[in-house]
Amino acid sequence: MTQQPDCLFCGIVAGTVPSTQVDEDERTLTFMDINPGTDGHALVIPKAHARDLYDIDPGDLAACSVTAQRVAGRAVRQLGADGVNLINCAGEAAWQTVFHFHLHVVPRYRDDQARDSLRLPWTPTPGDPARIAAAADLLRAAG
Ligand code: 5GP
Ligand code: ZN
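Definitions and cut-offs
- Residues numbered from 1 in each chain as written.
- Chains lettered and ligands numbered in written order.
- Predicted model: local features only at pLDDT ≥ 70, side-chain atom pairs only at ≥ 80, totals over all residues.
- Heavy atoms only, no water.
- Donors = N, O, S within 2.8 Å, 3.2 Å for Na, K, Ca; no water.
- Helix = DSSP H or I, 4+ residues; strand = E, 2+ residues; numbered from the N terminus.
- Buried < 20%, exposed > 50% of the residue type's maximum accessible area, 1.4 Å probe, protein only.
- Polar contact = N/O pair within 3.5 Å; in protein donor to acceptor, adjacent residues only side chain to side chain.
- Contact = heavy atoms within 4.5 Å.

Caption draft 1: Seen up close, the coordination of the zinc ion (ligand 2). Protein-derived coordination of the zinc ion (ligand 2) comes from C7 (SG), C10 (SG), H49 (ND1) and H100 (ND1), at a distance range of 2.0 to 2.3 Å. Mapped onto the sequence, the donors of the zinc ion (ligand 2) take the spacing C-x2-C-x38-H-x50-H. Taken as a pair, C10 in helix 1 (residues 8–14) and H100 in the loop between strand 4 (83–87) and strand 5 (103–108) lie far apart in primary sequence, 90 residues in all.

Caption draft 2: Geometry of the side chain of Q96. Tracing the sequence through the fold places Q96 in the loop between strand 4 and strand 5. Relative accessible area serves as the criterion here: at 3%, Q96 is assigned to the buried category. A polar side-chain atom of Q96 sits 3.0 Å from the main-chain carbonyl oxygen of R51. Within the local environment of Q96, its side chain forms a polar contact with the backbone oxygen of V98, the two atoms lying 3.0 Å apart. Beyond its immediate stretch of four places on either side in the chain, Q96 contacts R51, D52, C89, A90 and G91.

Caption draft 3: The arrangement of the environment of L79 in detail. Structurally, the position occupied by L79 is in helix 2 (residues 58–79). Aside from chain neighbours lying at most four places away, what touches L79 is D39, G40, R74, P107, Y109 and R115.

Structure representation (structure tokens):
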């Protein structure tokens, strides 16, 4: 298993950094976030170090997604969540602060301010069609 010295989440995988674990399989580990956005906020990581979304092995990414689905189901059934957000921050500009890939599994509770005070970080507003089309053209192009 590829680990990186000085990586916080590699330390959690190695057991040298304490964590509250809730799930483990061959490729992934899931533990509770120490700054939870809502009740039950957990982090799914690959055991093998990968810096971010662009760096992670596709098989590990798939394994993290399957684990996130499993943990999200438990949040609904066992915590009584009404919904779940899966969040990944890829890069500093996207709010990534720990550079070992992780999926946030964030249970959501309708009308329960004590368990969930999250709000959308943007106000949905119709976009300029020309800018949408221009971005779509670039996204379709081979990189
Ligand atoms: P990011 O901002 O990179 O998307 O998310 C990093 C997450 O890791 C944050 O939500 C933060 O609260 C969490 N975190 C940071 N340090 C630790 C730690 O030592 N243990 C645990 N369990 N979570 C941590
Ligand atoms: Zn790491």
